[in-house]
Amino acid sequence: MPLADYGKLYLSPLEPFVRSPQSVAEAIAHWREELSCGHRLRVRGSGHSLSGASLPRRGETLFLTHGLNQFEVVGADLLRVGSGAIMWDIRDFVAAHGLSLPVFNGGWAGPTLGGYVNAGGMGLRVPPTTREAAARGESNDGYASISETHGGFWAHVVALTLIDGRGELRQLTPEDSDFYWIFAAMGQFGLILDVTLRLQAIPGVANQFTVGQSGEIPITNPLNPSETNDLPDAVGIDWLYWFSAMVPIDEEDRFWALVGDWANRHSATLEPSGGWVGPSLNGEPIGFRYLVKRRAPVPPLLYPRDEDFVLMGVMALCRGIGKPEVETALVEAEQEFVSSIVDEGGRLYVQAENLSRSLDYADYYDADTWAHFCALKKKYDPQSLVNIGELQRSKETEPVTVAQIRRLAAATQRVLNT
Ligand SMILES: Cc1cc2nc3c(=O)[nH]c(=O)nc-3n(C[C@H](O)[C@H](O)[C@H](O)COP(=O)(O)OP(=O)(O)OC[C@H]3O[C@@H](n4cnc5c(N)ncnc54)[C@H](O)[C@@H]3O)c2cc1C
């Protein structure tokens, strides 16, 4: 069965060899076994990223993390959680015990804890009533998001354990110089096994955890696997995509002008949906906007300046994904978004989006950041066995596109018909 991801433009056409560890100990044993055979490894959480990053290439072993959903209470407000637990399940579980997970993803349930760390992790939740008031121009505080109050997810992690590309266990804390480089790294350094979270008290509510308590995070937000695993048929489906930019606070207006022009030019392909700020199209605001406050050092692979920044962009419906002409128009629109933001000095949420893989990361990052990343890759994964081709790109490690498979099928059909 071919495997896809949320973006639905790439697939892994061959049955990979799969490892589905059900505990951290099992994950370590499997990982080391695979490394000792010199196998290349690919990690997949829920497959909610868009760029094929979680899709195994030919000959790679696929590690599925959903079985890593165990927890242990390691301090009055500290919870160690396996990297395969779903962010929204963790949020609901701790809330049921009287504590709050300060930052989690918006939208709906999907991202795992490990996937969220590897994306960077910002909390993009604005209560619908507040958004609606902002969209009507009645409220100016419609911008308040979780990350405006609590910063990025990285500010609430006190430790993480990973097994690297050498098979070595590494426990990293914010005191380690490499710690913030693990966030937004797209799994380049190894398999994240577990993450220790600092939770917050809810005023007036008793903390019902006891130190030493352990178990599994219950599933309260069941996923719909077809969202990530299936491809649309030839009739096509209407699918939601995100186009995000990260920009300095004082440059926001300039970027809104760019984004507004872009949305206008591509309005036949992309219908902005659920926006509450920014320029309007057909009388509706097109954009989302979240202030991300610096509550801890900003991960260098996410955003280059260690300060508050704005995450802004457009969520848009593309009608007819599965039809070649629609996908071509989508890719054109996405590439234009990427180049217009990057040319003007903005940053992108490449870890989650990067739909057409058009960026050259060696150019995208400044020279020091790129050199530092390459040095870390060498340190943790000297043989380049883990999740290769995501930041250090090469033609050989690109994922197969659905368009390529379609062309191949059409050519085969032509031969059979002659
Ligand atoms: C509905 C929806 C809402 C979203 N909302 C937000 C939001 O509000 N804020 C935000 O910041 N992001 C958001 N995102 C983006 C999302 O957080 C990222 O795409 C995230 O990476 C998805 O997690 P996943 O478990 O599906 O990872 P996958 O797509 O499976 O993997 C992403 C990358 O991480 C690597 N990886 C995954 N798990 C591990 C691990 N344990 N160890 C090592 N590498 C690993 C994979 O190899 C891959 O390179 C949203 C995405 C969706 C679809």
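These lines cover the structure that appears in this document, whether it is placed above or below. None of these values were measured; they are calculated from a predicted model.

### Quick look at the environment of alanine 155
- Along the chain, the position of alanine 155 falls in the loop between helix 5 (146-150) and strand 9 (157-164).
- Classification of alanine 155 by relative accessible area gives partly exposed; the value is 25%.
- For alanine 155 and isoleucine 182, which are 27 residues apart along the polypeptide, the C-alpha to C-alpha distance reads 13 Å.
- If sequence neighbours within four positions are ignored, alanine 155 has contacts with His150, Arg295 and Ala296.

### Observations concerning the sheet that holds strand 1 (residues 3-4)
- One open sheet holds the three strands; their spatial order is 1-2-20, and the pairing between them is antiparallel. Pairing within the sheet leaves two strands with one partner each, and these edge strands are strand 1 and strand 20 (400-401).
- The sheet contact formed by strand 1 and strand 2 (residues 10-12) spans two bridges and is antiparallel. When the sheet's bridge partners are listed, leucine 3 is paired in strand 2 with serine 12.

### Comments concerning the site of the ligand
- Contacts to the ligand come from 33 residues, most closely from Val43, Ser49, Gly106, Thr112 and Tyr349.
- Valine 43 places a polar main-chain atom, nitrogen or oxygen, 2.6 Å from an oxygen atom of the ligand.
- Residue serine 49 places a side-chain N or O atom 2.6 Å away from an oxygen atom belonging to the ligand.
- Burial of the ligand by the surrounding chains reaches 97%, relative to a free accessible area of 960 Å².
- Looking at the shell around the ligand, the elements that each hand over two or more residues are strand 4 (41-44), helix 3 (113-119) and strand 11 (190-198).
- Take the shell around the ligand: its biggest share by element is five residues, from helix 3.
- Here the shell around the ligand is built from residues that sort into 14 nonpolar, 18 polar and one charged.
- Of the domains in this structure, domain 1 (3-64 + 374-411) and domain 2 (233-358) are the two that each give at least three residues to the shell around the ligand.

### Some details on the layout of surface pockets
- Its boundaries defined by the atoms lining it, the largest pocket holds a volume of some 1,100 Å³.
- Taken together, 48 residues line the largest pocket, and the ones lying closest to its centre are His48, Ser49, Pro111, Ala119 and Ala352.
- When contributions to the lining of the largest pocket are tallied by element, the ones reaching two or more residues are strand 4, helix 3, strand 11, strand 14 (237-247), strand 17 (284-292) and strand 18 (309-321).
- The element that contributes the greatest number of residues to the lining of the largest pocket is helix 3, accounting for five residues.
- For the lining of the largest pocket, a count of residues per class yields 21 nonpolar, 23 polar and four charged.
- Two domains each put at least three residues into the lining of the largest pocket: domain 1 (3-64 + 374-411) and domain 2 (233-358).
- In this structure, the second largest pocket spans a volume of roughly 720 Å³.
- If you trace the second largest pocket, you find 35 residues lining it, with Glu398, Pro399, Val400, Thr401 and Gln404 closest to the centre.
- Mapped onto the lining of the second largest pocket, the elements with two or more residues apiece are strand 2, helix 9 (324-343), strand 20 and helix 12 (402-417).
- Split into classes, the residues belonging to the lining of the second largest pocket amount to 16 nonpolar, eight polar and 11 charged.

Calculation rules
Residues numbered from 1 in each chain as written. Predicted model: local features only at pLDDT ≥ 70, side-chain atom pairs only at ≥ 80, totals over all residues. Heavy atoms only, no water. Helix = DSSP H or I, 4+ residues; strand = E, 2+ residues; numbered from the N terminus. Buried < 20%, exposed > 50% of the residue type's maximum accessible area, 1.4 Å probe, protein only. Contact = heavy atoms within 4.5 Å. Pairing = 2+ DSSP bridges. Near = heavy atom within 4 Å. Polar contact = N/O pair within 3.5 Å; in protein donor to acceptor, adjacent residues only side chain to side chain. Areas by Shrake-Rupley, 256 points an atom, 1.4 Å probe, with all protein chains shown as cover. Nonpolar A, V, L, I, M, F, W, Y, C, P; charged D, E, K, R; others polar. Domains from an automatic or database assignment. 1 Å grid on protein atoms, 1.4 Å probe; cavity = no way out; pocket = protein on both sides within 12 Å on 5 of 7 lines; lining within 4 Å. Points joined across faces, edges and corners; volume = space filled by probe spheres on them.

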